[in-house]
Amino acid sequence: MLRFPRALWIALALAILLPLPSLFAQLYTDDQMMVLRLEGAMASPVPGPFHLYTFANGSAEQRAQLFGGGIFPWWTLPELRLSFFRPLSSGLLAVDHALAGRNPLPYHVHSMAWYAAAVLAAALLFRRLLPERTAAAAALMFTIAPAHWMAAGWPSSRHVAIVGAFGFSALALHLRARERDDRRAAIGALACAAVALLAGEAALGVFAYVFAYELLGRDEPLARRARAFAPWVALALVYAITYKALHFGAYGSGGYLDPITEASTFLPALPVRLAVFAEAALLGVPSEVSALDPRAARVLATLGVLALLAFSLLLRRALRRIAPEHARTLRWLLVGAVLALLPGAAGIPGDRVLFLPNLGILAALATVLLHAGRAPDERALAAAPARAGVALFGLLHVVLAAPVFLFGILHLTTTSRTALDVLARAEIPRREGMRVLGIGLSDPLVGMYLASGLQLAFEPPPATVDLLSMAGHDHRVRRVDARTLEIAVEGRLLDGAFENVVRARRHPLRAGDVVPLGAWSVRVLADDAGQPTRFAVTFDRDLEDPSLAFLHWKDGGLRALTPPPIGGEVLLRHEPGPMGM
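Reading the values: the criteria
Counting from 1, residues in each chain are numbered in the order their sequence is written. This being a predicted model, a pLDDT of at least 70 is required before a residue's local features are given, and a value of 80 or more before pairs of side-chain atoms are given or counted; all residues contribute to the totals for chains, interfaces and linings. Side-chain descriptors were evaluated using all non-hydrogen atoms of the structure, hydrogens and water having been removed beforehand. Helical segments are the DSSP runs of H or I of at least four residues, strand segments are the runs of E of at least two, and each set is numbered from the N terminus. Only protein chains enter the accessibility calculation, which uses a 1.4 Å probe; a residue whose area is less than 20% of its type maximum is buried, one above 50% is exposed, and one in between is partly exposed. Contacts are residue-level and defined by heavy atoms, with any inter-residue pair within 4.5 Å sufficient. Site definitions follow a grid-based scheme: protein atoms alone, a 1 Å grid, a 1.4 Å probe that fits but cannot get out for cavities, and for pockets an open set with protein on both sides within 12 Å along at least five of seven lines, plus lining residues having an atom within 4 Å of a point. Grid points are joined across faces, edges and corners, and a volume is the space filled by probe spheres set on the points. Following the grouping adopted for this structure description, the nonpolar residues are Ala, Val, Leu, Ile, Met, Phe, Trp, Tyr, Cys and Pro, the charged ones are Asp, Glu, Lys and Arg, and the polar ones are all others, Gly among them. Only the stretch in contact is used when a helix axis is fitted, and all axes are lines through C-alpha atoms; the angle between N-to-C directions ranges over 0 to 180 degrees. Two helices that cross are described as forming a left-handed crossing if the nearer one is turned anticlockwise from the farther one by less than a right angle, and a right-handed crossing if clockwise. Aromatic pairing here means that ring centres of Phe, Tyr or Trp (its six-membered ring) are within 6.5 Å. Orientation follows from the plane angle: under 30 degrees is stacked, over 60 is edge-to-face, and everything else is tilted. In this scheme, strands are said to pair when DSSP sees at least two bridges between them. Patches here: salt-bridge-free residues with over 30% relative accessible area, like charges joined within 9 Å, nonpolar side chains (Val, Leu, Ile, Met, Phe, Trp, Tyr) joined within 5 Å. Accessibility throughout is a Shrake-Rupley quantity obtained with a 1.4 Å probe, and a residue counts as covered only by protein chains that appear here. When a carboxyl oxygen of Asp or Glu lies within 4 Å of a side-chain nitrogen of Lys or Arg, that pair is called a salt bridge.

1. Here we look at the side chain of S416
Relative to the elements of secondary structure, S416 occurs in helix α18 (residues 401-424). According to the relative accessible area criterion, S416 is buried, its value standing at 2%. Setting aside chain neighbours within four positions, we find S416 in contact with A25, Q26, L27 and Y28.

Written out as structure tokens, the structure is:
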């Protein structure tokens, strides 16, 4: 039997070894923007080192500052708000930059350290809550869970690991305070929870576990349990009031939703999102896939419901074979896990949302793997379905988990390097003052992050970078006059997951709408249910002006597009970019 001290050391070793290839990664997507904002090379809606996770604040001033300068594309909703309260995580990235500048290595070392700290905190909590063998299995499965590779290897996603390190410690201290009537532990629990809240919104999941513990994990009068939970309610209220008073949150995005102000959109989407997360947690197909195609979301949600049903049957079987105290612990852990999913369900579907919920999910999975198989007095045929289910979950969460985790890290490493190499070789004239415009760049590494990537990789950096389209479709580009291009999408804008991050489809752009952007403007000529299919772009100078450079993706690179003659047209075929999108 694997004893826990040895399992803990193995878990810590894996927490360092699995993300190790990320040490060779470059700055990746949001990392690039944050570094450039710290340097003043890219505009920021709120300056300073503690607001790096504020991407748009919905203010009237941000349109001219961000939308006309290439930070956001022309179809961005003017009132867009994507502002997240993560001052600790933001400040630590600023420390990285102060020490290392644009050298990515220290950023990744720092991220790995926080992941190891979160794994340690989770493992010690498992040991406190579960029998030794179950705790050892849960700790190892948590370490290698494929959903966790972003927290370990991507600096911008480090906030999840920071939340985990402090959040799991907060829960452990609360358990100690309640079991031993330890006042200092109670104060420490609230202090750790407060620090976790400064790291990211995912810390609300800790409150979910504490609530579930007080509701289902204690044999005390309700009034006493309510008194124990009251300080947590007070802390949550202070956090919520501060969050809203400082105008953090989301509005107008197709990926991020505000559960309160956008409840009419959030609540109908919630069941599907939760089912998708159930599939990701149990079967391992990344929840990110659901954001790329609505049809995939329905398939994954269906698989999630089926997986949840199978898991529930196996868990019920396991619960009959374990001690009552163990069963009771699993019940409140699973309720806490479900409630901990709710804050993350308001964002773009992504497996990093599972970091805190996996505390309960993997405790239950470890129990299923160890106790739901064939009993000594059970016939082989009768036990066959349960044994098949245990084998399937064992294959996914023990055998394949570490290779899938490693694949995620390697994918980040290779695509981050490939993208900057491609951007460094973009077909742009190498002179000062260039204005770069991209058409049909659907892959985020060379589309959404075109401006930040060129600022880092291309010499000399362009004066401005703007996206005319990120649609993953063919485009027909027709020259109307000396200064105007008409672009027809053989599909629709706002179909892609990254396009509608900055404008939800519930905020339509209709034929006749005009979007002024300083030196140029866009007029929507045709739409399909509020999604533009054809639009005209008029510039303040002739399209042959040497300061203008048009780019599209072709043959694995960013190629120059020469504007056709007046009345002429060119067809741009869509090709997958560095991420295969």
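Having seen the model, we can carry on.
2. Some points on the layout of surface pockets
Here the second largest pocket is characterised by a volume of approximately 410 Å³. Lining of the second largest pocket is provided by 16 residues; of these, A177, R178, D181, A186 and A228 occupy positions nearest its centre. Those elements giving two or more residues to the lining of the second largest pocket turn out to be α8 (158-180), α9 (183-199) and α11 (222-245). When residues of the lining of the second largest pocket are assigned to their parent elements, the largest contribution, five residues, is made by α11. Of the residues assigned to the lining of the second largest pocket, the class counts are seven nonpolar, one polar and eight charged.

3. Description of the packing of helix α2 (residues 30-39) against helix α19 (residues 450-457)
Packing of α2 against α19 brings their axes to within 9 Å, and their N-to-C directions diverge by 65 degrees. Classified by chirality, the crossing of α19 by α2 is left-handed. Judged by residue contacts, Q32, M33 and L36 of α2 engage S452, G453, Q455 and L456 from α19. Looking at the contact of α2 with α19 residue by residue, the class counts come to three nonpolar, four polar and no charged.

4. So, the packing of aromatic side chains
In total, this model carries 22 aromatic pairs according to the counting rule given. Ring centres of F85 and Y243 lie 6.4 Å apart, and the angle between their planes is 85 degrees; this geometry places the pair in the edge-to-face category. Highlighted residues: F85 in the loop between β2 (81-83) and α4 (87-100) and Y243 in helix α11, separated in sequence by 158 residues. Y243 shares its class with F85; the two are buried. Taking the centre distance of 6.3 Å and the plane angle of 20 degrees together, the rings of F168 and F355 count as stacked. Of the two residues, F168 is situated in helix α8 and F355 in the loop between α15 (324-344) and α16 (358-371); the sequence distance between them amounts to 187 residues. Of the two residues examined, F168 and F355, each falls in the buried class. Grouped by ring-pair contacts, the aromatic residues Y115, F126, F142, F168, F355 and F405 constitute a single cluster.

5. Description of the pairing of strand β12 (residues 557-560)
Relative to β12, strand β11 (residues 548-554) runs antiparallel, the two sharing four bridges. Looking across to β12, one finds that W553 is bridged to L558. Connecting β11 to the next strand, β12, in antiparallel fashion are two residues, including D555 with a positive phi near 55 degrees.

6. Side note on the environment of A463
Residue position: A463 is located in the loop between α19 and β5 (464-467). The spacing of A463 and R435 is 28 residues in sequence and 5.7 Å in space, taken between C-alpha atoms. When residues no more than four places from it in sequence are discounted, the contact partners of A463 are G433 and M434.

7. Points about a nonpolar patch on the surface
A grouping of L392, L395, V398, V399, L400 and V404 is seen on the molecular surface, where their side chains present a nonpolar patch of about 470 Å² in accessible area. Along the chain, V399 falls in helix α17 (residues 380-399). Overall, the relative accessible area of 52% leaves V399 in the exposed class.

8. Looking at empty space enclosed by the protein
Tallied over the entire structure, the rule returns four cavities of 30 Å³ or more. Empty space within the largest cavity amounts to approximately 80 Å³. Lining the largest cavity are I439, G440, H473, H475, H552, W553, L572, R573, H574 and E575. Looking at side-chain class alone, the lining of the largest cavity contains three nonpolar, five polar and two charged residues. By volume, the second largest cavity is sized at about 40 Å³. Lining the second largest cavity, in full, are D31, M34, V35, L38, L52, L93 and Y107. Top contributing element to the lining of the second largest cavity by residue count: α2, with four residues. The residue makeup of the lining of the second largest cavity, split by class, is six nonpolar, no polar and one charged.

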